[in-house]
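Survey of secondary and tertiary structure
The chain contents come next:
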Amino acid sequence: MSLVDHDHPPPRGWLPLSPCAVACLPAEDTQPRAGRVRQLGRWLGVFALVLAAAFHPPALRRVPRILGVRVVSRGTLGAGELIVPNHISWLDVLVLLSHTGAAPLSKHEVAGWPVLGRVARSFGTVFVDRTRPRALPDTVATLTWVLRAGRSVLVFPEGTTWCGAGVGPFRRAAFQAAIDSGARIRPVSLRYSTRSASFIGEDTLWASLSRVIALRELTIEVTALPAIEPDRSRRRLALAAERAVRAELGQEHDQEPVGALA
């Protein structure tokens, strides 16, 4: 799942990297599998929702339910907040969008995807071109405008997905939008019952979806943690949010965010 344009590589430190790869996933034969009839029903349900989303984009929010995902929610997500969760899978976005009307931040490639690009735009997605570092201030300005309008923004500050065994450093740029708009920061922890649902390394969306469909059950715990006031530097805000998520997941803090996107 490379995000790097090898013909025009961005400056070093611009794109976040995760040590997680498909080798982090558990062996398939160790995971309880759904029956063939249930798997077929899930495939048909997903295809039907994708087709429906072409005409009614919010239909895509029902994908987790069709896949048999059980979501356990704790805490409340308010309006006009910068929501900053850890990132494990493409499922994160769908699960969180079913709980909030936030505008997501996404890589610009998504805008050109068939059907999914249209769906993303309908959610008010803010797109960032991570091959153009100079465009970042304009992206932050757009996030600031959305927050000032009273709408929440959903940003995954790790910048890439991890397998769930660890949390990557929270990069700083998006936190500037909270400072400029006066919006509170809402850390959110995501915990999956199995790493099989992770979307990592050179994984493809098709392979990841196939694994999720094959699972007998999947539980995703969504915990909205206490809000953080934008009363300090973006470096300190990023560290505070990252530490809050790590603490909830029982993980130690190991490093500060680094790089241009920090």
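Just above sits the structure.
Residues numbered from 1 in each chain as written. Predicted model: local features only at pLDDT ≥ 70, side-chain atom pairs only at ≥ 80, totals over all residues. Heavy atoms only, no water.

1. With respect to the pairing of strand E2 (residues 82-85)
Spelled out, the test is: Here the term buried applies to any residue with accessible area under 20% of the maximum for its type, exposed to any over 50%, and partly exposed to those in between, with areas from a 1.4 Å probe on protein chains only. Numbering of helices and strands runs from the N terminus; a helix is a DSSP stretch of H or I covering at least four residues, while a strand is a stretch of E covering at least two. Here, a strand pair is defined by DSSP locating no fewer than two bridges between the strands.
Judged by which residues are buried, E2 turns out to be covered on both faces: Leu82 and Val84 on one side and Ile83 and Pro85 on the other are all buried. Pairing of E2 with strand E5 (residues 153-154) involves 2 bridges; the strand directions are parallel. Within E5, the residue paired with Leu82 across the bridge is Val153. The sheet contact formed by E2 and strand E6 (residues 185-192) spans 4 bridges and is parallel. Across the sheet, residue Pro85 finds its bridge partner in E6, namely Val188.

2. What to know about the pairing of E6
A large share of E6 lies buried, amounting to 7 of its 8 residues. Judged from the 5 bridges that link them, E6 and strand E7 (residues 218-224) form a sheet pairing that is antiparallel. When the sheet's bridge partners are listed, Ser189 is paired in E7 with Thr223.

3. Brief notes about the packing of helix H5 (residues 136-148) against helix H6 (residues 173-181)
Selection criterion: In this description, a line fitted to the C-alpha atoms serves as the axis of each element, helices being fitted only across the stretch in contact, and the angle between N-to-C directions of two axes falls anywhere from 0 to 180 degrees. For this classification, under 35 degrees means roughly parallel, over 145 means roughly antiparallel, 65 to 115 means roughly perpendicular, and everything else is oblique. Should the near helix be turned anticlockwise from the far one by less than a right angle, the crossing is left-handed, and should it be turned clockwise, the crossing is right-handed. By the convention used here, residues are in contact when the closest approach between their heavy atoms is within 4.5 Å. Any residue outside Ala, Val, Leu, Ile, Met, Phe, Trp, Tyr, Cys, Pro, Asp, Glu, Lys and Arg is labelled polar, Gly included; the first ten of those are nonpolar and the last four are charged.
With their axes 8 Å apart at the nearest point, H5 and H6 run at an angle of 45° to one another. Compared by their axis directions, H5 and H6 come out oblique. H6 is crossed by H5, and the crossing has right-handed handedness. The residues of H6 that touch H5, namely those facing Leu136, Val140, Leu143, Thr144, Leu147 and Arg148, are Ala173, Ala174, Gln176, Ala177, Ala178, Asp180 and Ser181. The residue inventory of the contact of H5 with H6, partitioned by class, reads 8 nonpolar, 3 polar and 2 charged.

4. Quick notes on the packing of aromatic side chains
Our working rule: Paired rings are identified among Phe, Tyr and Trp, the last through its six-membered ring, by centres lying within 6.5 Å, and are further divided according to the angle between planes into stacked (under 30 degrees), edge-to-face (over 60) and tilted (the rest).
Considering all chains together, one arrives at 2 aromatic pairs under this definition. Relative to Phe47, the ring of Trp43 has its centre 5.8 Å away and its plane inclined at 25°; by these criteria the two rings are stacked. Linking Trp43 with Phe47, this pair stays in helix H1 (residues 36-53), spanning 4 residues, or about one helical turn. The exposure class assigned to Trp43 is buried, which follows from its relative accessible area of 19%. Aromatic ring contacts, followed pair by pair, group Trp43, Phe47 and Trp206 into a single cluster.

5. As for the side chain of Thr125
Basically, it comes down to this: In protein, a polar contact requires one atom able to donate a hydrogen and another able to accept it; more generally it is a pair of N or O atoms within 3.5 Å, and residues adjacent in sequence count only if both atoms are side-chain atoms.
Relative to the helices and strands, Thr125 is located in the loop between helix H4 (116-122) and strand E4 (126-128). Of the residues examined, Thr125 reaches a relative accessible area of 13% and is grouped as buried. Side-chain polar atoms of Thr125 contact the backbone oxygen of Ala120, separated by 2.5 Å.

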